[in-house]
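For reference, the chains in residue letters:
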Amino acid sequence: MDKHLVITLTLAVLFLIVVNVVLWCRMAYFKKVSIALKKVYEEHKSEFEYEVEKRTLTLNIALKELELANHALAKKSKTDKLTGLNNRSSFDDTIKAEFRRSTRTLAPFSIVMVDIDHFKMVNDIFGHLAGDQCLVWLSSLIKKTIKRESDVAFRYGGEEFCVILPITDAKGAFTLAEKLRSIIEASHFEFENKQIDITVSCGVFTFTQQPGVGPEKIFLYADKALYQAKNTGRNKTIAYNDL
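This structure is a prediction, so every number in the text was calculated from the model and none was measured.

Criteria and cut-off values
- Residues numbered from 1 in each chain as written.
- Predicted model: local features only at pLDDT ≥ 70, side-chain atom pairs only at ≥ 80, totals over all residues.
- Heavy atoms only, no water.
- Pairing = 2+ DSSP bridges.
- Helix = DSSP H or I, 4+ residues; strand = E, 2+ residues; numbered from the N terminus.
- Axes fitted to C-alpha atoms, helices over the stretch in contact; angles between N-to-C directions.
- Contact = heavy atoms within 4.5 Å.
- Core = buried A, V, L, I, M, F, W, Y, C linked by side-chain atoms within 4.5 Å.
- Buried < 20%, exposed > 50% of the residue type's maximum accessible area, 1.4 Å probe, protein only.
- Expected span 1.5 Å × (residues − 1).
- Arc of directions from axis to C-beta.
- Patch = residues over 30% accessible without salt bridge, like charges linked within 9 Å, V, L, I, M, F, W, Y side chains within 5 Å.
- Areas by Shrake-Rupley, 256 points an atom, 1.4 Å probe, with all protein chains shown as cover.
- Salt bridge = Lys/Arg side-chain N within 4 Å of Asp/Glu carboxyl O.
- Phe/Tyr/Trp six-rings, centres within 6.5 Å; stacked < 30°, edge-to-face > 60°.

## Re the sheet that holds strand β3 (residues 160-166)
And step 1. As summarised here, the arrangement of the five strands in space is β2-β3-β1-β6-β7, forming an open sheet in which the pairing is mixed. Each having just a single partner strand, β2 (152-157) and β7 (237-239) make up the two edges of the open sheet. Going across the sheet, the axis of each strand differs from the next one's by a mean of 20°, ignoring polarity.
And step 2. Helix α2 (residues 88-105) contacts β1 (109-116), β2, β3 and β6 (200-207) of the sheet and is inclined by roughly 25° relative to β3.
And step 3. Together, β1, β2, β3 and β6 form the strand contacts of helix α4 (residues 128-145), whose direction differs from that of β3 by roughly 15°.

## Concerning the nonpolar core
And step 1. By size, the foremost hydrophobic cluster in this structure holds 31 residues, and its most contacted members are V112, I116, W137, L138, F161, I184 and I198.
And step 2. Within the residue set of this core, elements represented by two or more residues are β1, α3 (119-126), α4, β3, α5 (170-186), β4 (189-191) and β6.
And step 3. Per element, the largest residue contribution to this core is seven residues, and it comes from α4.
And step 4. Apart from residues lying up to four places away in sequence, W137 is in contact with I184, S187, H188, F189 and I198.

## Structural notes on α5
And step 1. Between its terminal C-alpha atoms α5 stretches 24 Å, which fits the 24 Å expected from 17 residues at 1.5 Å a residue.
And step 2. Buried within α5 we find A173, L176, A177, L180, R181 and I184. Down the axis of α5, the smallest arc covering the buried residues is 135°, so these residues share one side. Turned more than 90 degrees away from the buried face of α5, the exposed residues are K171 and A186.

## Some words on a nonpolar patch on the surface
And step 1. Residues F15, L16, V19 and L23 make up a contiguous nonpolar surface patch of roughly 390 Å² in combined accessible area.
And step 2. Its location among the elements puts V19 in helix α1 (residues 3-77).

## A closer look at the packing of aromatic side chains
And step 1. A full pass over the atoms with the stated rule returns 10 aromatic pairs.
And step 2. Between the aromatic rings of F99 and F207, the centroid separation amounts to 5.1 Å while the plane-to-plane angle is 45°, which identifies the pairing as tilted. Separated by 108 residues along the polypeptide, F99 in helix α2 and F207 in strand β6 bring together distant segments of the chain.
And step 3. Judged by its relative accessible area of 2%, F207 falls in the buried class.
And step 4. A centroid spacing of 5.6 Å and a plane angle of 45° characterise the contact between W137 and F189, whose relative ring orientation is tilted. One end of the pair, W137, is in helix α4; the other, F189, is in strand β4, with 52 residues separating them in the sequence.
And step 5. Classification of F189 as buried rests on a relative accessible area of 3%.
And step 6. Three or more aromatic residues link up through ring pairs in this structure, and these residues are F91, F154, Y156 and F219.

## A closer look at unusual backbone geometry
And step 1. Positive phi, normally seen in glycine, also occurs at H118, with a value near 55°.
And step 2. Mapped onto the secondary structure, H118 falls in the loop between β1 and α3.
And step 3. Its relative accessible area of 44% is what places H118 among the partly exposed residues.
And step 4. Positive phi, close to 50°, is recorded for I167, a residue that is not glycine.
And step 5. One can find I167 in the loop between β3 and α5.

See below:
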């Protein structure tokens, strides 16, 4: 065999041997590193998982607190600050929702408008603080009178209140309005040890899918009945259907 060829083959074999040795060394090194990393991970696994759980819990708590804060803010925006009843904005949303439900289910629903008789005299004679306390007092009587969870009371504005009564016919609404009027008449509002007799007038309307009647007219008809009660002597309940 040619001497140069032998040398070339020998060098090639040596080169392959060196390459294999280098590859084996690298593989051994990477395996060693991998084992070391795995060992470190195993040693700190519980600590790592605890930290992840801790941060996850903290995040969930923060999200829950944010949800509660948003809920409280939404509720506050729908509540009358003085009386604690639902406010005008809440009334507008609720009557639209009840109108849609009544239209869908064909069940009647009623509203009762309530207005304090001669409320201006309370403010003029006893002062606005007495007037505010009178509104709070009346609100508490309204809350005690409506029993069902579905019934909702509102301070519509000034000395005017409203109660929405889902799935309630005209007779049921009139009966509740008269009960509320009678309770207020029989009760006595006191301010600075002075007894002040308070009465209210009530207007009632029941929606039974009358053509052309929407939320605005439902309120309008109850309001007309209320002012009919005030214009014919006060301290009485009148239903719009009776006009």
